[in-house]
Amino acid sequence: MQEQAIAWRHAGDDIGVVPTMGALHAGHDSLVARARRENRRVIVSIFVNPAQFGPNEDFDKYPRPFDQDRNRLDALGVDAIFHPSVDQIYPPAFKTRLDPGPLGDVLEGRSRPGHFAGVLTVVLKLFSLTQPKRAYFGQKDFQQVVLVRQMVRDFALPVRIVAVPTVREADGLAISSRNVYLNPTQRQTAPVIHQALTQVAGAFTAGETEPARLEGLARERLAAAHGLTLDYVSVVDETTLRRPERAIPGSVLVVAVKLGSIRLIDNVVLGAERP
Ligand code: PAF
């Protein structure tokens, strides 16, 4: 992969990479479409990264429909699908692991210790193997985007990180590979997450800037949903992930909930034209 990528770069071709764990859906399609528009070459990586799953998480049962993914990418027209094995990414001699620093310990990081160390370690390796000029990530995984950007700045990596807006089902549920785990009742409940975010975005537009009150609105809306447990809801600064004294346009409301054992995350940028 690296030899091919270096050859493309030497030939003057820009490379866009879309790192994925497979089980591709419309959200990934939009990442690929954007990469396709902006780069001569597009590489999609498919790798279910064991390093970012906790011991009690779903690494073993994470969906791996590779043939389906390949057909989907063939139809979209990509230049390479990079689908390494765990041993190729983490051979026995592999030792280094990135430390995401304090931004990795809050929100998702607090609920999933070690998760972002695993994400950044694999993303850095994928960047080295695919030599991208641009890399595409979904805005749904907002904290992941913040941490990857921090890593790019810290290590002066010559990659531009592009965050692509979340793609949603008709009822507002953010599309995610994990939605297939939802049973029909949970699936019916799940759109309340987007409804809560939209309500908060509306309150912000109407003049409410007190983080605690904005969070309270979301909390109330989510508390009314049957079978849903709130993990966190927080207004954060888009770069530092700190809670601002007052929300401003560009502040982000982030939410994580559980429906049964299924964890769903979503967010909304306050003051954005379309929530
Ligand atoms: O967002 C994902 O699918 C994964 O975290 C990523 C970026 C492919 C790293 O394994």
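Check the entry above for the structure.
Residues numbered from 1 in each chain as written. Predicted model: local features only at pLDDT ≥ 70, side-chain atom pairs only at ≥ 80, totals over all residues. Heavy atoms only, no water.

1. Focus on the overall build of the chain
Note the threshold: Here a strand is any run of E in DSSP of at least two residues, a helix any run of H or I of at least four, and the numbering for each starts at the N terminus. The buried label applies to any residue whose accessible area, calculated with a 1.4 Å probe on protein chains only, is under 20% of its type's maximum; exposed applies above 50%, and partly exposed to all values in between. We call two residues in contact when some of their heavy atoms are within 4.5 Å.
Counting its regular elements, the chain contains ten helices and eight strands. In terms of principal-axis extent, the alpha carbons of the chain reach across some 55 × 40 × 35 Å. Per-residue burial over the chain gives 51% buried out of 275 residues. A fraction of 71% describes how many contacts in the chain between residues 6 or more apart in sequence connect residues 24 or more apart.

2. Section: the sheet that holds strand β8 (residues 262-269)
Keep this limit in mind: Only strands that DSSP links by at least two bridges are regarded as paired with each other. An axis is simply a line fitted to the C-alpha atoms; with a helix, the fit covers only the stretch in contact. Between two such axes, the angle follows the N-to-C directions and lies from 0 to 180 degrees.
Strand order in the open sheet formed by three strands is β6-β7-β8, with antiparallel pairing between adjacent strands. Edge positions in the open sheet fall to β6 (228-236) and β8, since each of these has one partner strand only. Here the average twist between neighbouring strands, direction ignored, is 15°. Examined bridge by bridge, strand β7 (residues 252-259) and β8 share eight bridges and lie antiparallel to one another. Bridged to L253 within β8 is V268. Relative to β6, helix α10 (residues 211-223) is tilted by about 160°, and along the sheet it contacts β6 and β7.

3. Digging into the site of the ligand
For clarity, the cut-off: Near is defined per residue: the residue qualifies when any heavy atom it owns lies within 4 Å of the molecule or strand. Polar contact is the term for a pair of N or O atoms within 3.5 Å; when the atoms are in protein, one must be able to donate a hydrogen and the other to accept it, and sequence-neighboring residues count only if both atoms are side-chain atoms. Side-chain classes follow a simple rule in which Ala, Val, Leu, Ile, Met, Phe, Trp, Tyr, Cys and Pro form the nonpolar group, Asp, Glu, Lys and Arg form the charged group, and the remainder, Gly included, forms the polar group.
The full set of residues close to the ligand is P19, T20, M21, N49, Q52, V122, F137 and Q144. The side chain of Q52 places a nitrogen or oxygen atom 2.6 Å from an oxygen atom of the ligand. The contact in question runs from an oxygen atom of the ligand to an N or O atom on the side chain of Q144, over 2.7 Å. Classifying every residue of the shell around the ligand gives four nonpolar, four polar and no charged.

4. A closer look at the environment of F47
Within the fold, F47 resides in the loop between β2 (41-46) and α3 (66-76). Counting along the chain gives 42 residues from F47 to I89, while the straight-line C-alpha distance between them is 9.1 Å. The residues contacting F47, other than those within four sequence positions of it, are T20, M21, P84, S85, V86, I89, Y90 and V122.

5. Topic: empty space enclosed by the protein
Keep this limit in mind: Site definitions follow a grid-based scheme: protein atoms alone, a 1 Å grid, a 1.4 Å probe that fits but cannot get out for cavities, and for pockets an open set with protein on both sides within 12 Å along at least five of seven lines, plus lining residues having an atom within 4 Å of a point. Grid points are joined across faces, edges and corners, and a volume is the space filled by probe spheres set on the points.
Under the criterion given, the structure shown has one cavity of 30 Å³ or more. Considered as a void within the structure, the largest cavity measures approximately 30 Å³ in volume. In this structure, the largest cavity is lined by T20, L24, H28, D29, V32, V44, R72, L73 and L76. Taken together, the residues that form the lining of the largest cavity break down as five nonpolar, two polar and two charged.

6. Things to note about the sheet that holds strand β3 (residues 80-82)
Pairing within the open sheet is parallel, and its five strands lie in the order β3-β2-β1-β4-β5. Either end of the sheet is taken by a strand with one partner, and the two such strands are β3 and β5 (160-164). Between one strand and the next, the sheet's axes are offset by a mean angle of 25°, whatever the strand orientation. In this sheet, strand β4 (residues 134-138) lies alongside strand β1 (residues 15-20) in parallel orientation, the contact comprising two bridges. Among the inter-strand pairings, G16 is bridged to a residue of β4, identified as R134. Against the sheet, helix α2 (residues 26-38) makes contact with β1, β2, β4 and β5, and its axis sits at roughly 160° relative to β4, the strand it touches most. Helix-sheet contacts for α3 involve β2 and β3, and the interaxial angle to β2 is about 170°.

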